Amino acid sequence: MSASSAQSLPAPQSPPAVLPASVTAESAGPQRGWLITSLVSLYLIWGSTYLAIRFALEGGLPPFLMSGTRFVLAGGVLFGALWLRGAPVPNPRQWGSSAVVGLLLLGVGNGGLVFAQQWGVPSGVAALVVGSLPMWTALFGGLFGQWPGKLERWGLAVGFGGIVLLNLGGATGGKLLPTVAALVAPMSWAFGSMWSRRLPMPQGLMSAAAQMLCGGVFMLGVGLVLGEQLPTVMPGARAVGAWFYLVVFGSLVGYSAYGYLLRHARPALATSYAYVNPVVAVFLGSVLAGETMRPSAWVAMGAILGAVVLLTRKR
């Protein structure tokens, strides 16, 4: 998981809420296009960010400083653009909510995966770990009063089975701390995603900007406490290109799309990218990083894509 991440469009001042099943045809029509666009963005872009993180780390960029600068820059650019267009600046209460969500989603969620990848967890395996995200989201959603429907439960079961099959033989490394960080990351991301629906978040894209700024600052602080230092020698072109890719596509585009889905789609649909991202990550790892795919991976991909169909039939 990564990273990822990258998320929002118009939202009310009050805590975001999932659209009711009885949403009118007038409002459902325009949203359908945005839902599809957001889903495609997350499926393709966030699936590629795991490999981009690996390239950035291999180029000598430290994990938390790399991620912190990424989100601070993306959040700052988005915040400045919205402010110039007259978007309202978050009030203190909204900044507080953004700090909480940014900490859970980016600081712990994204930071945990980047930290794990630093210790040798392959990009494909990191994406596979994120495959548990919909399961945690369904659990936390139930605690917040929104249990998944029967069709969604079948989708979750099929998707989780595909993740397990795809992960057979994969390892997260022999070190305890990176393994724990990788496993806690999707739990934190899922909890933060569900809690954000009940918090007074800023309007529209300003919510994504505030979360990225707060989460990025937190990650910079963690990096400084851990003694991370930026390389004294300019990293290679691949590492620099990977970092800019994470800023523009992984953060600005992906995170904004995710925020929109959180407000306008059911939790199972908003997090369905976690089933597709491993497929994209494993494929890119095979083509660009020399990772090999077993025959069972093709069966797993079929299960994962089938799960997405079940999850998205609701809306």
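Source: prediction; values computed, not measured.

Our next topic: the overall build of the protein. On a plain count of helices and strands, the protein comes out with 12 helices and zero strands. Within the span of the protein, comprising 315 residues, buried residues form 55% of the whole. With an accessible surface of roughly 13,200 Å², the protein has 72% of that area assigned to carbon and sulfur atoms.

The next subject is helix α5 (residues 133-143). Looking at α5, one finds that the buried residues are L133, P134, T137, A138, F140, G141 and G142. Phi turns positive one or two residues past the end of α5, at G145, with a value near 95°.

What follows covers the packing of aromatic side chains. Working definition: an aromatic ring pair is given by the centre-to-centre distance plus the angle between the planes. In this structure the tally under the stated criterion is 13 aromatic pairs. Here W46 and Y273 contribute two aromatic rings whose centre-to-centre distance is 5.1 Å and whose plane-to-plane angle is 75°, an arrangement assigned as edge-to-face. Of the two residues, W46 sits in helix α1 (residues 25-58) while Y273 sits in helix α11 (residues 273-289), which places them 227 residues apart along the sequence. In terms of burial, W46 and Y273 fall into one category: buried.

Counting residues in each nonpolar core, the largest one holds 77 residues, and the members touching the most others are M66 and W189. By residue number, the principal contributor to this core is α1, which donates 13 residues. Beyond its immediate chain neighbours, meaning those up to four positions away, M66 contacts I53, A56, L57, L61, V114, W243 and L246.

Here the idea is simple: oppositely charged side chains can pair when their charged atoms come close. One pass over the full model with this rule turns up two salt bridges. Notably, a salt bridge pairs E58 with R54, separated by 2.9 Å at the nearest N-O pair. Here E58 and its partner R54 are both found in helix α1, four residues apart, which amounts to about one turn of the helix. The class for R54 is partly exposed, based on a relative accessible area of 23%.

On to the side chain of S38, then. Position of S38 relative to the elements: it lies in helix α1. Judged by relative accessible area, S38 falls into the buried class, the value being 6%. Excluding residues within four positions of it along the chain, S38 makes contact with A257, Y260 and L261.

On the surface, I36, V40 and L44 cluster together into a nonpolar patch covering about 280 Å² of accessible area. Here I36 lies in helix α1.

Turning our attention to helix α8 (residues 205-225). Relative to the 30 Å expected for 21 residues at 1.5 Å per residue, α8 spans 31 Å between its end C-alpha atoms, a close match to the ideal helical length. Among the residues trailing α8, G227 stands out with phi positive, at a value near 80°.

The next thing to look at is the side chain of Q211. Mapping Q211 onto the fold places it in helix α8. Ignoring sequence-local partners within four residues, the contact set of Q211 consists of S98, V101, G102, L105, L106, M201 and Y255.

One way to put it is that helix α2 (residues 63-84) packs onto helix α9 (residues 237-264) with a least axis distance of 9 Å and a crossing angle of 55°. The angle between the axes of α2 and α9 places the two elements in the oblique class. Judged by the sense of rotation from one axis to the other, the crossing of α2 with α9 is right-handed. From α2, M66, T69, R70, F71, L73, A74 and L78 reach across to α9, where they touch W243, L246, V247, G250, S251, L252 and S256. A per-class count over the contact of α2 with α9 returns nine nonpolar, four polar and one charged.

What counts and how
Residues numbered from 1 in each chain as written. Predicted model: local features only at pLDDT ≥ 70, side-chain atom pairs only at ≥ 80, totals over all residues. Heavy atoms only, no water. Helix = DSSP H or I, 4+ residues; strand = E, 2+ residues; numbered from the N terminus. Buried < 20%, exposed > 50% of the residue type's maximum accessible area, 1.4 Å probe, protein only. Areas by Shrake-Rupley, 256 points an atom, 1.4 Å probe, with all protein chains shown as cover. Phe/Tyr/Trp six-rings, centres within 6.5 Å; stacked < 30°, edge-to-face > 60°. Core = buried A, V, L, I, M, F, W, Y, C linked by side-chain atoms within 4.5 Å. Contact = heavy atoms within 4.5 Å. Salt bridge = Lys/Arg side-chain N within 4 Å of Asp/Glu carboxyl O. Patch = residues over 30% accessible without salt bridge, like charges linked within 9 Å, V, L, I, M, F, W, Y side chains within 5 Å. Expected span 1.5 Å × (residues − 1). Axes fitted to C-alpha atoms, helices over the stretch in contact; angles between N-to-C directions. Parallel < 35°, antiparallel > 145°, perpendicular 65-115°, else oblique. Left-handed = near helix turned anticlockwise from the far one by under 90°. Nonpolar A, V, L, I, M, F, W, Y, C, P; charged D, E, K, R; others polar.

None of the figures reported here should be taken as evidence of function without further support.
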